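Observations on the model geometry
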Amino acid sequence: MQRIASFCVDHTTLLPGVYLSRQDGEVRTWDIRMKRPNRGDYLSPAAAHTIEHLFATCARNSRWHSGVVYVGPMGCLTGFYLLTQGLSDADVLALVKECFSWMATYRGPIPGASEAECGNYRLMDPDAARAECKAMCDVLRTLDAEHLRYPE
């Protein structure tokens, strides 16, 4: 079998940020890296689950909603995948900044966090999610749309 693209990225050098991982036709996969891989500091499962619900809700209700294909967590608990279609690099960065800014201060009920809507609705930690999103906002402030690629 061929190695998949994300396994070809050198995880020993990755820093938090937003990176275009791959493009399949019109669909672009973005890696929203919140943590440095393999450093012992990961998203807790409950924080990641909370962010997943909030990020997906925010992205799908944003002005860029028609270009959002998927939002989901990385199994390694270092960040999220964002799949888009028809959005420019600048659009994606603006979307991610808007969502993380909103999540960093959100204090309402977690969307979709009920037994009828979610398979593990009790696994939520809004306080940890807010803290992780606030830390990511600091990273996002340093990024520009011209530099959203993995180092070669």
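The structure we're discussing is the one just above.
Basis of the calculations
- Residues numbered from 1 in each chain as written.
- Predicted model: local features only at pLDDT ≥ 70, side-chain atom pairs only at ≥ 80, totals over all residues.
- Heavy atoms only, no water.
- Helix = DSSP H or I, 4+ residues; strand = E, 2+ residues; numbered from the N terminus.
- Rg over C-alpha atoms; globule rule 2.2 N^0.38 Å.
- Salt bridge = Lys/Arg side-chain N within 4 Å of Asp/Glu carboxyl O.
- Buried < 20%, exposed > 50% of the residue type's maximum accessible area, 1.4 Å probe, protein only.
- Contact = heavy atoms within 4.5 Å.
- Polar contact = N/O pair within 3.5 Å; in protein donor to acceptor, adjacent residues only side chain to side chain.
- Core = buried A, V, L, I, M, F, W, Y, C linked by side-chain atoms within 4.5 Å.

**Details of the overall build of the chain**
- From N to C terminus, the chain includes three helices and four strands.
- Listed N to C, the secondary structure of the chain is β-β-α-β-β-α-α in terms of helices and strands.
- Here the C-alpha atoms of the chain give a radius of gyration of 15 Å, agreeing with the 15 Å that 2.2 N^0.38 yields for 152 residues.
- Judged by the C-alpha coordinates and their principal axes, the chain covers about 40 × 35 × 35 Å.

**What to know about the pattern of salt bridges**
- Under the counting rule described, the total for this entry stands at nine salt bridges.
- In this structure, Asp 24 engages Arg 22 in a salt bridge whose closest nitrogen and oxygen atoms are separated by 2.6 Å.
- Linking Asp 127 and Arg 130 is a salt bridge whose minimum nitrogen-to-oxygen distance equals 2.2 Å. Note that Asp 127 and Arg 130 are positioned in helix H3 (residues 126–140) at a spacing of three residues, about one turn of the helix.
- The network of salt bridges with common partners includes Arg 28, Asp 89 and Arg 149.

**Side note on the environment of Arg 28**
- Looking at where Arg 28 falls in the secondary structure, it is placed in strand S2 (residues 27–33).
- Among the residues examined, Arg 28 registers a relative accessible area of 14% and is labelled buried.
- Setting aside its immediate chain neighbours within four residues, Arg 28 contacts Leu 20, Arg 22, Gln 23, Leu 82, Leu 83, Thr 84, Leu 87, Ser 88 and Asp 89.
- In terms of polar contacts, Arg 28 uses its side chain to reach the side chain of Asp 89, at 2.3 Å.

**A short note on the nonpolar core**
- Counting residues in each nonpolar core, the largest one holds 37 residues, and the members touching the most others are Ile 32, Ile 51, Phe 55, Leu 82, Val 96 and Phe 100.
- Contributions of two or more residues to this core are made by strand S1 (17–24), S2, helix H1 (45–60), strand S3 (68–73), strand S4 (79–85), helix H2 (89–105) and H3.
- With eight residues, H2 is the single largest residue contributor to this core.

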